[in-house]
Protein chains: 2
Amino acid sequence: MRLQILVASIVAVGISASAAAAPADEPIQVIKPAANINLGLVDLGKKLYFDPRLSKSGFISCNSCHNLSMGGTDNIPTSIGDKWQQGPINSPTVLNSSLNLAQFWDGRAADLKEQAGGPIANPGEMGFSHTLAVQVLETIPGYVREFRQVFGKDKIDIDQVTLAIAEFEKTLVTPNSRFDQWLLGKTDALSENELAGYTLFKESGCVACHNGEAVGGNSFQKMGIVEPYKTKATAGGRADVTGKDADRFNFKVPTLRNVELTYPYFHDGAANTLAEAVDIMGRLQLGKKFTDAENAKIVAFLKTLTGDQPSFALPILPPSSDTTPRPQPFSK
Amino acid sequence: MRLQILVASIVAVGISASAAAAPADEPIQVIKPAANINLGLVDLGKKLYFDPRLSKSGFISCNSCHNLSMGGTDNIPTSIGDKWQQGPINSPTVLNSSLNLAQFWDGRAADLKEQAGGPIANPGEMGFSHTLAVQVLETIPGYVREFRQVFGKDKIDIDQVTLAIAEFEKTLVTPNSRFDQWLLGKTDALSENELAGYTLFKESGCVACHNGEAVGGNSFQKMGIVEPYKTKATAGGRADVTGKDADRFNFKVPTLRNVELTYPYFHDGAANTLAEAVDIMGRLQLGKKFTDAENAKIVAFLKTLTGDQPSFALPILPPSSDTTPRPQPFSK
Ligand code: HEC
Ligand code: HEC
Ligand code: HEC
Ligand code: HEC
Ligand SMILES: [Ca+2]
Ligand SMILES: [Ca+2]
């Protein structure tokens, strides 16, 4: 308890900037458009991201669970995987995930490239293997050509696959939210109500964990500092990676960019609405019960964090050839 | 048997045009780009086509089984529906489906609008109901606004939903295939081998059933005229609609436009490759066993029927609100 209160007060540090201050002083920074992007790699990665042939069933692609039409999530509490298996945890958005200090709720992947190998071979997600995925790609003439063009090599390997997907994901940043416009000096980009929500967000201490470009994503924090979080989910959080007891129930703080789109909330997807999530955060992380009016103001502010969604033509995938191993949607 | 041979010879009628003839005389016509399209309706229909919230699980959209990245099909023998149920029949392409004389393999829907209501309420596909789908849409402010704009009415109903989807589908035509370029006079658009394949396709009698703009889609024909087709699938074909014994195992002749992309083939999805499908067609429909060289020529011709795939930005869907009924992916 003592430790928890200590954490809660550490958390309250650094919230002196007021809403009227110059953007540079704000705890939230403007999102920059993706830079230094290899366009050939992005184009290939985009195809792979949308290609269900990287799954055993031929039915599930990255976009199935991180739907770019829906904020880069599936908007269900826990994901549906191969054979309709129920996943253990909520699918986080891929939007702005390049800004994360590490990938997954418990940070077990260092970066996007390392992450991208996971779901393909996860029996509960795409249910395939790296060897089989590469075998499929190698029999698709359109891919063989494009991999050769991009990598200048004759053989496709899984490193190339994950590198391309990661490069595509780097483009999935969402600049130009109304909040960023305000940060950049467009003072009428936010309403008075939204601005009041931002002030509350700062003064209540939310910015201690949700700050920076992604408004989160840059630290692991305990879920349930002041009051424990009750959940049926079994994820141990950061402790599953470090093995340290102190890290139990620590999760990567989710980005609040586009949080209007990434319902339901929390690692177990148990909170259906932003109002609910804000209420829980106030009570469990800060020991603060917001009035309905305060809650609504914070929610109004959070909705100003929705940025420009990635805009690109639906990729057209190269067809399989006669020798491409066929998907196994119903085999044991 | 006598009847079957009779049918086979009827089928051989009208194949006098030679490959060198003027385009106007050819049994296959150029695909025209979609005309008289209501753009507001198309844009709304596109969103609905990609929206998994029209399914019970929140996971399956029209695009799941008619993936516009993959020739408007799912490229698996029979579809995966709600809760991973195995469907009874192969998912036909939605590309150029506006050219069909009727919809579904057995033609039980008169047109695209009538068709579009089916999958939403089919327990084996999207597993939802029209009432529930409309209820979901009515709680999504972005949709409420857009439906009002497009239809000028205050209430959303299922007729508007299916009308919009059908209008979007009308845009899914694929002009500009190399074959159409050839038809339009670009004589070097086809190789000698491909042209020889076309000649074979005409002279063997394939064009009796596969003709017109869509190279199919304009008649019901018996599968297995000369020799019966063996399948584990239980579809009765057109007889399921008319109740007439004579219509047993009659199916709508599939379009051969983009057939390179719509593997596997036949209503049961049992033929993995075009070579296999062509071989079966020759033997079962025409009593003709093609040599490997002939088969390869026809396949080469068929691949010239791949047209420009629909090109548009991935639609961004309006977010659910706090009152939107949540998907039920795992409930009984
Ligand atoms: C069956 C659903 C499913 C599929 C398919 C899937 N993911 Fe995920 N993804 C998840 C879930 C659930 C998590 C969270 C897992 C965890 O944290 O333990 C996740 C986590 C991630 C993350 C980390 C985001 C963060 O903030 O920590 C990224 C990035 C990601 N996925 C990208 C991909 C890519 C790329 C693919 C395809 C190669 C893919 N996903 C396929 C469900 C899925
Ligand atoms: C001590 C750190 C900390 C503080 C303070 C904090 N949060 Fe969080 N926040 C987290 C963590 C960790 C999670 C993820 C918890 C989980 O999923 O189990 C989270 C999740 C959220 C979510 C859900 C995001 C999603 O996509 O699931 C919202 C919304 C949110 N916080 C808003 C707030 C608001 C508003 C405040 C202030 C009232 C606040 N947070 C204070 C650490 C913090
Ligand atoms: C679960 C898979 C699945 C889903 C979801 C699905 N379809 Fe289909 N679709 C099929 C199958 C299988 C058939 C063939 C059924 C038959 O002929 O009996 C079909 C047939 C069609 C046809 C007729 C094509 C032809 O040539 O006869 C059209 C058009 C179509 N679907 C459009 C849609 C639209 C629009 C939606 C969404 C509202 C949709 N489908 C959702 C699997 C699906
Ligand atoms: C008597 C009518 C008839 C003739 C003649 C005919 N077909 Fe077909 N074709 C059909 C029907 C009906 C189907 C659908 C059968 C099924 O799915 O069970 C079909 C299916 C196909 C398919 C698979 C399309 C798909 O998407 O599943 C191909 C390829 C094809 N035909 C090519 C040919 C070729 C090549 C010839 C000549 C050698 C030919 N057909 C002659 C009626 C005919
Ligand atoms: Ca979420
Ligand atoms: Ca097919």
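Data block above holds the structure.
Let me begin by describing the structure that accompanies this report. Given the structure is predicted, the values throughout are model-derived calculations rather than measurements.

## Focus on the packing of aromatic side chains
Evaluated as defined, the whole model comprises 32 aromatic pairs over all chains. Here the aromatic rings of Phe179(A) and Phe301(A) are separated by 5.3 Å at their centres, their planes lie at 70 degrees, and the arrangement is edge-to-face. Of this pair, Phe179(A) sits in helix α8 (residues 178-183) while Phe301(A) sits in helix α12 (residues 292-302); the two residues are 122 residues apart in sequence, bridging distant segments of the chain. Exposure class is identical for Phe179(A) and Phe301(A). Each is buried. Arranged with centres 6.0 Å apart and planes meeting at 75 degrees, the rings of Phe50(B) and Phe312(B) form a pair that is edge-to-face.

## With respect to the relation of the copies chain A and chain B
Here chain A sits on chain B after a turn of 180 degrees about the axis and a move of 0.0 Å along it, with an RMSD of 0.0 Å. Those values place the two copies in the arrangement expected of a two-fold rotation axis. Across chain A, the smallest distance between a C-alpha and the rotation axis is recorded for Ala313(A), namely 2.0 Å. A high fraction, 100%, of the interface residues of chain A reappear at the interface in chain B, so the copies pair face to face through one surface.

## A few points about empty space enclosed by the protein
Across all of its chains, the model carries three cavities of 30 Å³ or more by this definition. Sorting the residues of the lining of the largest cavity by element identifies α3 (62-65) of chain A together with α3 (62-65) of chain B as the ones contributing at least two each. By residue class, the composition of the lining of the largest cavity is ten nonpolar, twelve polar and two charged. One number sums up the size of the second largest cavity: a volume of about 80 Å³. Lining the second largest cavity are 13 residues; nearest its centre among them are Ser69(A), Met70(A), Gly71(A), Leu261(A) and Leu317(B). Taken together, the residues of the lining of the second largest cavity break down into eight nonpolar, four polar and one charged.

The rules behind these values
- Residues numbered from 1 in each chain as written.
- Chains lettered and ligands numbered in written order.
- Predicted model: local features only at pLDDT ≥ 70, side-chain atom pairs only at ≥ 80, totals over all residues.
- Heavy atoms only, no water.
- Phe/Tyr/Trp six-rings, centres within 6.5 Å; stacked < 30°, edge-to-face > 60°.
- Helix = DSSP H or I, 4+ residues; strand = E, 2+ residues; numbered from the N terminus.
- Buried < 20%, exposed > 50% of the residue type's maximum accessible area, 1.4 Å probe, protein only.
- Least-squares fit on C-alpha atoms with pLDDT ≥ 70 in both.
- Contact = heavy atoms within 4.5 Å.
- 1 Å grid on protein atoms, 1.4 Å probe; cavity = no way out; pocket = protein on both sides within 12 Å on 5 of 7 lines; lining within 4 Å.
- Points joined across faces, edges and corners; volume = space filled by probe spheres on them.
- Nonpolar A, V, L, I, M, F, W, Y, C, P; charged D, E, K, R; others polar.

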